[in-house]
Amino acid sequence: MKILRLLCLSILVDVNHYGVLSFGISTVHTTAIKSNIRIHPPMVHSSVHKKYRSRQLSTAHEDDETEPQTVIAMDSNLQILNAAFLVAGTTIGGGFLALPSVVAPSGFYPSAVALIGVWGYFLAQSFVLVECINRTKYDSNDSNPPGVAGAAKSVFGKKGEIAIGILLVILIEATLVSQISRAGMLFPNYRLGCVVSAVSIATLVFGPKSGIIFASKANAALTSLFLLSTLSVFGCGVGIADWSKLGMSNNWASVPAALPSFLQLLVYGEIVPTVCQILKYNTRRIKMAIILGSFMTLCLQIGWSGLGLSLVSSASDAVEVLLASSGPVRLPLFSLAITAILTTILGSYLALLSTVNDFVQKSRKKDINHDDGEVSNSSMQKSQGDNSPWHRMKVASIITVPASVIACSSPSVFLKAIDFAGSYPVLMLWGVAPPLMALIQRSRDDKGTSNFRRTAGPSVWLVVLVLLAVGMIGFSAIGDMASFVNKFKIL
């Protein structure tokens, strides 16, 4: 559900042979483009098109001619809605449970203003990323849909692609650390809870040979339960909340310290390439989907912040306080927490799966080349398609162990991991990289190498976005260095 919350909620709307709309809940892997898994948006059945085409050929009535246009327009709107839910599903994850704790020091209203500001910042950055992705597609002869790494490669070369890949891995690992830590807090024994949560989802993903398919089905069920739990929490909590608590604290000076967490909890840049592909690189439709999806998420984040603060009497962790109580919110909140956390862990495992598989296979190819001087066809095929239990166990260990060890160290790493991800990887990936790529691509326009239309505003605006990201990175770095120096002095 988060970043690289790989399996995002999307509402697929289909049209059957009789023109009746049918709805279903599905899941889409946010890194499917990287994993060479194509994501196909909901399409009107070919038989429906054939039916309308035959009508057009057999009659000259205007009513029959306008009917296909109506269906095409409806399908276009449904694709925009589908893409909007992808954006919303990518943004919402287990980390949003921490919002009441993050918001408490500064108060609800200052934090709400900051959340709206972060939302606006990422909205502007997403429009820049859309321009980069669409321009890469426009200038490329490759039929494969470009991703963020592909756009970086077209601008910075192979080293840029590797750098983006490393930042993505760091960001996903930080997400894993925070979610495994949050899961451990739900158990009486923290470390046992961390291990059980990490190993159980790893067994689900890496245990069976068809782990990805099986995990996707499990994620669909968990996502459905998450939706029901969210509705239940708000339904039970709104009536018993003390909304007067929202105005009790307005500490604007504490807002900057909460910004890294807000950045991590509202980012959705990883899904933008998929949205571009689904909407066939139509800039206007892509922007509509991003605005709609991100706004839904903003409303949910602000709503949960206010509800959490209104239901507890102190600045303590709202989730822990409410789970320890006997109120009506307890059971639906536990269900919401566990499904949000597990879907985020599951998605993060899947996000890293293709990257680790590539690394393991390349290492094996190098070993074969070193030992035999050349690679036979049978050896090559074996290295590419290895799905043995030993291979799956090796991949699972590489993905699971580092994050689990860090998470088991202390419950405090939950918020620290969220803060770290928002301070550095998120700002580098989705704050600095897109405007820089767009500026370099535009400089090539000035040399006459591309006729692509600019859609993200003037170049001065892109420079402002870069400077804002660099400023926030510098602010976080200064704070972290000061904290480190203070700890060193105490020692």
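Structure: see above.
From a predicted model like this one, the values you see are computed outputs, not experimental measurements.

**Focus on empty space enclosed by the protein**
No. 1: Scanning all chains against the criterion turns up 3 cavities of 30 Å³ or more.
No. 2: A volume near 70 Å³ is recorded for the largest cavity.
No. 3: Lining the largest cavity are Phe122, Gln125, Ser126, Leu129, Val267, Tyr268, Gly269, Val272, Trp430 and Pro434.
No. 4: Breaking the lining of the largest cavity down by element, the ones donating at least two residues are α4 (108-139) and α17 (425-446).
No. 5: Each residue belonging to the lining of the largest cavity can be placed in one class, and the counts come to 7 nonpolar, 3 polar and no charged.

**Brief notes about the packing of helix α6 (residues 158-184) against helix α7 (residues 190-206)**
No. 1: Relative to each other, α6 and α7 sit at 125 degrees, their axes nearing to 7 Å. Relative to α7, α6 is oriented oblique. Both α6 and α7 take part in a crossing whose hand is right-handed. Residues Ile180, Ser181, Ala183 and Gly184 of α6 form the contact with α7, whose own contacting residues are Tyr190, Gly193, Cys194, Ser197 and Ala198.

**Things to note about unusual backbone geometry**
No. 1: Here the phi dihedral of lysine 280 falls at roughly 55 degrees; this positive angle occurs in a residue that is not glycine.
No. 2: One can find lysine 280 in the loop between α10 (272-278) and α11 (283-311).
No. 3: Unlike most non-glycine residues, tyrosine 281 shows phi in positive territory, near 60 degrees.
No. 4: For tyrosine 281, the location among the structural elements is in the loop between α10 and α11.

**Some points on the layout of surface pockets**
No. 1: The computed volume of the second largest pocket comes to approximately 560 Å³.
No. 2: When residues in the lining of the second largest pocket are grouped by element, the largest group, 6 residues, is from helix α18 (residues 459-490).
No. 3: Among the residues making up the lining of the second largest pocket, the classes are represented as 8 nonpolar, 8 polar and 4 charged.

**Some remarks on the packing of aromatic side chains**
Any two aromatic rings considered together are summarised by their centre-to-centre distance and by the angle between their planes.
No. 1: The full count for this structure, using the stated rule, is 7 aromatic pairs.
No. 2: Arranged with centres 5.8 Å apart and planes meeting at 50 degrees, the rings of phenylalanine 420 and tyrosine 424 form a pair that is tilted.
No. 3: You can call phenylalanine 420 partly exposed: its relative accessible area is 38%.
No. 4: Grouped by ring-pair contacts, the aromatic residues Phe96, Phe226 and Trp304 constitute a single cluster.
No. 5: Above the plane of the ring of phenylalanine 414 lies arginine 182, whose end atom (NZ or CZ) is 5.4 Å from the centre.

**A short note on a nonpolar patch on the surface**
No. 1: Judged by side-chain polarity, Ile162, Ile166, Ile170 and Phe420 come together as a nonpolar surface patch covering roughly 350 Å² of accessible area.
No. 2: Among the elements that take part in the nonpolar patch, α6 stands out by supplying 3 residues, more than any other.
No. 3: Tracing the chain through its elements places isoleucine 166 in helix α6.

**What about the pattern of salt bridges?**
No. 1: By the definition in use, this model includes 3 salt bridges.
No. 2: The closest approach of N and O atoms between arginine 442 and glutamate 131, which form a salt bridge, is 2.9 Å. Remark: glutamate 131 occurs in helix α4 and arginine 442 occurs in helix α17; sequence separation between them is 311 residues. With respect to class, arginine 442 is no different from glutamate 131; both count as buried.
No. 3: For glutamate 161, the salt bridge goes to lysine 158, with nearest N and O atoms at 3.2 Å. With glutamate 161 and lysine 158 both in helix α6, this residue pair falls 3 residues apart, about one helical turn.

Cut-offs used in this document
- Residues numbered from 1 in each chain as written.
- Predicted model: local features only at pLDDT ≥ 70, side-chain atom pairs only at ≥ 80, totals over all residues.
- Heavy atoms only, no water.
- 1 Å grid on protein atoms, 1.4 Å probe; cavity = no way out; pocket = protein on both sides within 12 Å on 5 of 7 lines; lining within 4 Å.
- Points joined across faces, edges and corners; volume = space filled by probe spheres on them.
- Helix = DSSP H or I, 4+ residues; strand = E, 2+ residues; numbered from the N terminus.
- Nonpolar A, V, L, I, M, F, W, Y, C, P; charged D, E, K, R; others polar.
- Axes fitted to C-alpha atoms, helices over the stretch in contact; angles between N-to-C directions.
- Parallel < 35°, antiparallel > 145°, perpendicular 65-115°, else oblique.
- Left-handed = near helix turned anticlockwise from the far one by under 90°.
- Contact = heavy atoms within 4.5 Å.
- Phe/Tyr/Trp six-rings, centres within 6.5 Å; stacked < 30°, edge-to-face > 60°.
- Buried < 20%, exposed > 50% of the residue type's maximum accessible area, 1.4 Å probe, protein only.
- Lys NZ or Arg CZ within 6 Å of the ring centre and 35° of its normal.
- Patch = residues over 30% accessible without salt bridge, like charges linked within 9 Å, V, L, I, M, F, W, Y side chains within 5 Å.
- Areas by Shrake-Rupley, 256 points an atom, 1.4 Å probe, with all protein chains shown as cover.
- Salt bridge = Lys/Arg side-chain N within 4 Å of Asp/Glu carboxyl O.

Purely geometric numbers; function is a separate question.
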